[in-house]
Amino acid sequence: MSLQPGVEEKTGLPSLEEKVVALISEADLVALTSALVAAGGENPGGTEEATVEVLKEFCLGAGLSVSTDLVAPGRPNCTVVLPGGGEPGLLFLGHSDVVPAGTGWERPPYDPYVRDGRLFGRGSTDMKGGLAAVLIAFQALRDAGAELPGSAALACTVDEEDLGIGIRAYTAAALTAAALNNQPFPYSGCVVAEPTDLETVTACRGDSYLELKITGKSAHSGRPADGRNAIDAAARILDLVRADHDALQTDLDELLGAGTWNIGLIRGGTGTSMVAAECTVSLDRRLMPGEDPKLILDALRARITEAGIDSDGITVEAEVTMEMPGFRTPESHPLVANAVNALADAGVASTISGWSAACDGGFINRDLGVPVIVMGPGGLNDQAHQVNESVSIAELLAAARAYALMCLRHSAG
């Protein structure tokens, strides 16, 4: 991604597009992003309610339709709709939670400030800046009196940074509404406003958590043969996991690489002089588009049995505790061209890429059948979840312009 001279210096845009772009204010972007950062919303450990209140207050002041759906105490999903014509519309997706700030910040993490063209604070990149860019784009479209071919909407969900209860509630409600009204989901494309440095991401890996509980039999360490050591059994299972990880890396996808395993947590035993009767292991398995973690777990269990690990007094219980599906949208899809062209007219030369991280967009694609891309301001690898997180104000401005242009140009394809 490279930022070029701003769209106000370009010529050839239709008059309505020029009018909309001219209404997008850098000061408004900075003010809204700062207010969202100041609202916090650490997950785990907090709620997203204050962030959603900032969203609601802005939308009401801007004349935008906003509604909330309480998913859990203090944790409301928020939906903003900009009405349009009868064509299928464009959905933007974001989340209101942030990861815990931690320590080591040069200033308080929820006291946003601007320096050297960047806005600092926890969540500025992931992803309060993206949320602000979408809403400022919507405000400009409304103030310009733009008649969209189809409605534009922002779905802002809770709990993206942990278990994804927000996106699950959103897709479930959308499916229920479609069935009750006997109408399809009203959006034919989805833009996840997560940080991509304004690259256009057409493919994204998913993620899953697999939990194993290994049970053996306790005994005195002086006579270990009298017991069945659960930690020993866990070590043998982890050998299988590492072997599968290595095998996966021999067949790499051009955009996404391959699925991966990571051993995140292990707990076991009650004392050094005792044979460990229990051990629990938490595994992170990154998913390629279309992979089912339940089938992956079934395959692991089969290998455990083939290796004779869950026998002779050792039992293994296993479950999938979190799943976030991946997705892939063809580069030839009109949604991709719309993003790249809108970014170009916003002064950005955007490249098409894949994402090794996971996001809520996979649920929109899998459950609602909607093509998805990820495109937003900020850096995933150098800013998101980092101490002294920040976002480029120039990227915020370019993102808001591109989002507005995409709304004006969106078609079902």
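Here goes a summary of the coordinates provided. (Residues numbered from 1 in each chain as written. Predicted model: local features only at pLDDT ≥ 70, side-chain atom pairs only at ≥ 80, totals over all residues. Heavy atoms only, no water.)

Considerations on the overall build of the chain
Turning to step 1, where the next piece is worked out: Of regular secondary structure, the chain possesses ten helices and 18 strands.
Turning to step 2, where the next piece is worked out: At 24 Å, the chain has a C-alpha radius of gyration in line with the 22 Å of a compact globule built from 413 residues.
Turning to step 3, where the next piece is worked out: Dimensions of the chain along its principal axes, counting C-alpha atoms only, are 85 × 45 × 40 Å.
Turning to step 4, where the next piece is worked out: Of all 413 residues assigned to the chain, the portion counted as buried reaches 51%.
Turning to step 5, where the next piece is worked out: For the chain, the accessible area works out to roughly 17,000 Å², and carbon and sulfur atoms hold 51% of it. (Helix = DSSP H or I, 4+ residues; strand = E, 2+ residues; numbered from the N terminus. Rg over C-alpha atoms; globule rule 2.2 N^0.38 Å. Buried < 20%, exposed > 50% of the residue type's maximum accessible area, 1.4 Å probe, protein only. Areas by Shrake-Rupley, 256 points an atom, 1.4 Å probe, with all protein chains shown as cover.)

Concerning the sheet that holds strand β6 (residues 118–120)
Turning to step 1, where the next piece is worked out: One open sheet holds the three strands; their spatial order is β5-β6-β18, and the pairing between them is antiparallel. With partners counted over all chains shown, the strands left at the sheet margins are β5 (113–115) and β18 (390–392), one partner each. Across the sheet, the mean angle separating the axes of adjacent strands is 25° when strand polarity is ignored.
Turning to step 2, where the next piece is worked out: Where β6 lies against β18, three bridges are found, and the strand directions are antiparallel. Each residue of the ladder has a partner; that of leucine 119, found in β18, is valine 391.
Turning to step 3, where the next piece is worked out: Against the sheet, helix α4 (residues 124–143) makes contact with β6 and β18, and its axis sits at roughly 45° relative to β18, the strand it touches most.
Turning to step 4, where the next piece is worked out: Docked against the sheet, helix α10 (residues 393–409) engages β5, β6 and β18, running at close to 60° with respect to β18. (Pairing = 2+ DSSP bridges. Axes fitted to C-alpha atoms, helices over the stretch in contact; angles between N-to-C directions. Contact = heavy atoms within 4.5 Å.)

Some remarks on the pairing of strand β16 (residues 352–355)
Turning to step 1, where the next piece is worked out: Of the two faces of β16, the one lined by Ser353 and Trp355 is fully buried and the one lined by Ile352 and Gly354 carries no buried residue.
Turning to step 2, where the next piece is worked out: As judged from the four bridges shared by strand β9 (residues 200–204) and β16, these two strands associate in the parallel manner. Paired with cysteine 204 across the bridge in β16 is tryptophan 355.

Concerning the environment of asparagine 262
Turning to step 1, where the next piece is worked out: Assignment of secondary structure puts asparagine 262 in strand β11 (residues 260–268).
Turning to step 2, where the next piece is worked out: A residue is classified by how much of its surface remains accessible, and asparagine 262, at 44% relative accessible area, is partly exposed.
Turning to step 3, where the next piece is worked out: Measuring from C-alpha to C-alpha, the distance between asparagine 262 and tyrosine 403 comes to 36 Å, with 141 residues separating the pair along the chain.
Turning to step 4, where the next piece is worked out: Asparagine 262 has contacts with Ser282, Leu283 and Asp284, leaving out every residue within four places of it along the chain.

Focus: the state of the cysteines
Turning to step 1, where the next piece is worked out: Counted under the stated rule, the structure contains zero disulfides.
Turning to step 2, where the next piece is worked out: Distance from the sulfur of cysteine 190, which forms no disulfide, to the nearest cysteine sulfur (cysteine 359) is 8.2 Å.
Turning to step 3, where the next piece is worked out: Taking the relative accessible area as the measure of exposure, cysteine 190 reaches 0% and is therefore buried.
Turning to step 4, where the next piece is worked out: In this structure cysteine 407 is not part of a disulfide, and its nearest cysteine sulfur, from cysteine 190, lies 12 Å away.
Turning to step 5, where the next piece is worked out: Since its relative accessible area comes to 4%, cysteine 407 is described here as buried. (Disulfide = S-S within 2.5 Å.)

Quick look at the nonpolar core
Turning to step 1, where the next piece is worked out: Ranked by size, the top nonpolar core spans 65 residues in total, and within it Phe138, Leu141 and Tyr403 carry the most contacts.
Turning to step 2, where the next piece is worked out: Here this core gets 13 residues from one element, more than from any other, and that element is α10.
Turning to step 3, where the next piece is worked out: Sequence-distant contacts of tyrosine 403, that is, excluding residues within four places in its chain, are made with Phe92, Gly130, Ala133, Val134, Ala137, Val191, Ala193, Met375, Gly376 and Pro377.
Turning to step 4, where the next piece is worked out: Counting 26 residues, the second-largest nonpolar core is a separate cluster that includes Leu93, Ala155, Tyr170 and Trp355. (Core = buried A, V, L, I, M, F, W, Y, C linked by side-chain atoms within 4.5 Å.)

With respect to α10
Turning to step 1, where the next piece is worked out: Taking 1.5 Å of rise per residue, the 17 residues of α10 would be expected to cover 24 Å, and the 25 Å separating its terminal C-alpha atoms lies within 8% of that figure.
Turning to step 2, where the next piece is worked out: Counted residue by residue, α10 has 15 buried out of 17 residues, so it is predominantly covered.
Turning to step 3, where the next piece is worked out: Backbone nitrogen of alanine 394 and a side-chain oxygen of the N-cap are separated by 3.3 Å at the start of α10; the cap is serine 392. (Expected span 1.5 Å × (residues − 1). Polar contact = N/O pair within 3.5 Å; in protein donor to acceptor, adjacent residues only side chain to side chain.)

Here we look at helix α3 (residues 49–62)
Turning to step 1, where the next piece is worked out: With 14 residues, α3 should cover 20 Å at 1.5 Å per step; its first-to-last C-alpha distance of 20 Å lies within 8% of that length.
Turning to step 2, where the next piece is worked out: Turning to α3, its buried residues number three or more, namely Thr51, Val52, Val54, Leu55, Phe58, Cys59 and Ala62. What you see down the axis of α3 is that its buried residues fit within an arc of 155°, all on one side. In this structure, α3 carries Glu57, Leu60 and Gly61 as exposed residues pointing more than 90 degrees from its buried face.
Turning to step 3, where the next piece is worked out: On its buried side, α3 packs onto α2 (26–38), β2 (65–72), β3 (75–86), α4 and β7 (150–157).
Turning to step 4, where the next piece is worked out: Two residues or fewer past α3, glycine 63 is found with a positive phi of approximately 75°. (Arc of directions from axis to C-beta.)

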